[in-house]
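# Descriptive structure summary
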Amino acid sequence: MASLRKSAHDLGQTLRAARRSRGLTQGQLAVRLGVTRQAISKWEHGQSQPDLGNLRQLAEIYGCTIDELLGPSGHAPADAVLNDDAPVPKITPSEGARIMRDRSLVWKHALASGCLLGAGLAAVDALGRAYDPETSPWLLFASCAVALFCTAKLFGYYAEYGQRGGTRLAPALTCVLIAFASVVPLVFGTSSAVMALCALAGFACIFCSNRIFAWRLLYQRTWDPREDLRDPWGRKRHASR
């Protein structure tokens, strides 16, 4: 039993070292393999071992053979894949393209949310007091069109977010954002105080929903506000430990 535990532990160290050499997070590797991030974590902590199919995929991603991962005795030492003479492998083009696409989706989500808030408040303001049919007939129409377009784009992004295992919290926050951008000002009036409070509450919804969206796509894990606030620009490798 002790030998089996040692074998799993050494294989986990090898897998962790190889993943880090590729510059991949556990979440990004999980997406590539079609497994959960928790499964990757268990492999790397020696709590379980990948099956033969996953080992084949791992060897392909890391640019080595299954024997190099396992080692001559069925488990590899921590430096079986990484050594001083071996060149440091880079992220494959397909993996790099996927990461760039995910980052682009995160920025598009933030932009669409911001435009939705602005267009919604502009439409409510135009409808409540600033709209003059004789002088600005297109103001209300344009604001509503932008708001509807942004809403459609957001829920299109959430379709992929759901396929990645995302919860309903981020779409729910977007629904709250829509309420603050339209329903709440109409109910309580379009005074400066109400509009300012709705704008602040809307920005809070945008921030939270965007971070939840980003962590699911980029790291395949639930949003951790404490860790995220320490690294707001995502420069560190989350989920890599």
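Residues numbered from 1 in each chain as written. Predicted model: local features only at pLDDT ≥ 70, side-chain atom pairs only at ≥ 80, totals over all residues. Heavy atoms only, no water.

## Some details on the overall build of the protein chain
Each helix and strand counted, the protein chain has 10 helices and 0 strands in total. Listing the helices and strands of the protein chain from first to last along the sequence gives α-α-α-α-α-α-α-α-α-α. Looking at the protein chain as a whole, 43% of its 241 residues qualify as buried. A sequence separation of at least 24 residues applies to 66% of the contacts in the protein chain between residues at least 6 apart. With the model as given, the accessible surface of the protein chain reaches about 13,300 Å², and the carbon-plus-sulfur share is 62%. (Helix = DSSP H or I, 4+ residues; strand = E, 2+ residues; numbered from the N terminus. Buried < 20%, exposed > 50% of the residue type's maximum accessible area, 1.4 Å probe, protein only. Contact = heavy atoms within 4.5 Å. Areas by Shrake-Rupley, 256 points an atom, 1.4 Å probe, with all protein chains shown as cover.)

## What to know about a nonpolar patch on the surface
A surface patch of nonpolar side chains, about 330 Å² in accessible area, is lined by Val-183, Val-187 and Phe-188. Along the chain, Phe-188 falls in helix α8 (residues 169-188). (Patch = residues over 30% accessible without salt bridge, like charges linked within 9 Å, V, L, I, M, F, W, Y side chains within 5 Å. Salt bridge = Lys/Arg side-chain N within 4 Å of Asp/Glu carboxyl O.)

## So, the environment of Tyr-62
Assignment of secondary structure puts Tyr-62 in helix α4 (residues 52-62). With a relative accessible area of 5%, Tyr-62 lands in the buried category. It is 7.0 Å that separates the C-alpha atoms of Tyr-62 and Arg-22, two residues lying 40 residues apart in sequence. Not counting chain neighbours up to four residues away, the residues in contact with Tyr-62 comprise Leu-15, Ala-18, Arg-19, Arg-22, Leu-29 and Leu-69.

## Quick word on the packing of aromatic side chains
By the definition in use, this model includes 5 aromatic pairs. Where Phe-155 meets Tyr-158, the ring centres are 5.8 Å apart and the plane angle is 70 degrees; that geometry is what we call edge-to-face. Of this pair, Phe-155 and Tyr-158 both sit in helix α7 (residues 139-163), 3 residues apart, roughly one helical turn. Using a relative accessible area of 7% as the deciding quantity, one classes Tyr-158 as buried. Consider the rings of Tyr-158 and Phe-213, whose centres lie 6.0 Å apart with planes at 80 degrees: the pair is edge-to-face. Taken together, the positions of Tyr-158 in helix α7 and Phe-213 in helix α9 (residues 192-219) put the pair 55 residues apart, joining distant regions of the chain. (Phe/Tyr/Trp six-rings, centres within 6.5 Å; stacked < 30°, edge-to-face > 60°.)

## Considerations on the environment of Ala-152
Take Ala-152: it is sitting in helix α7. Using a relative accessible area of 53% as the deciding quantity, one classes Ala-152 as exposed. Taking the C-alpha atoms as reference points, Ala-152 and Ala-112, separated by 40 residues in sequence, lie 9.4 Å from one another.

## Looking at the packing of helix α2 (residues 26-33) against α4
Between α2 and α4, whose axes approach to 11 Å, the crossing angle comes to 120 degrees. Taken together, the axis directions place α2 and α4 in an arrangement best described as oblique. Here α2 and α4 pass one another in a crossing that is right-handed. In this structure, α2 uses Leu-29, Arg-32 and Leu-33 to contact α4, whose residues at the interface are Gln-57, Leu-58, Ile-61 and Tyr-62. Partitioning the contact of α2 with α4 into residue classes produces 5 nonpolar, 1 polar and 1 charged. (Axes fitted to C-alpha atoms, helices over the stretch in contact; angles between N-to-C directions. Parallel < 35°, antiparallel > 145°, perpendicular 65-115°, else oblique. Left-handed = near helix turned anticlockwise from the far one by under 90°. Nonpolar A, V, L, I, M, F, W, Y, C, P; charged D, E, K, R; others polar.)

## Focus on the pattern of salt bridges
Inspection of the entire model under this criterion finds 4 salt bridges. Residue Arg-19 pairs with Glu-44 through a salt bridge whose shortest N-O separation is 2.6 Å. Here Arg-19 is found in helix α1 (residues 2-21), whereas its partner Glu-44 is found in helix α3 (residues 37-44), with 25 residues between them in sequence. For the pair formed by Arg-19 and Glu-44, the shared burial category is buried. In this structure, Arg-164 engages Asp-102 in a salt bridge whose closest nitrogen and oxygen atoms are separated by 2.9 Å. On the criterion of sequence distance, the pair formed by Arg-164 in the loop between α7 and α8 and Asp-102 in helix α6 (residues 93-130) is long-range, its members being 62 residues apart. The class of Asp-102 is buried, set by a relative accessible area of 1%. It is possible to trace a salt-bridge network through shared partners that takes in Arg-101, Asp-102, Glu-160 and Arg-164.

## Some remarks on α2
Where burial is concerned, most of α2 is hidden: 6 out of the 8 residues are buried. Among the residues trailing α2, Gly-34 stands out with phi positive, at a value near 80 degrees.

## With respect to the confidence of the model for the protein chain
Overall, the prediction assigns the protein chain a mean pLDDT of 78, with 77% of residues at 70 or greater. The spread of mean pLDDT over the elements of the protein chain runs between α1, the lowest at 70, and α8, the highest at 93. Every residue in residues 1-6 scores below 50 in pLDDT, and together they form 1 contact with partners more than four places removed in sequence or on other chains. Below a pLDDT of 50 lies the segment residues 73-91, which in the model reaches 34 contacts outside its immediate sequence neighbourhood of four places, other chains included. (pLDDT = per-residue confidence, 0-100.)

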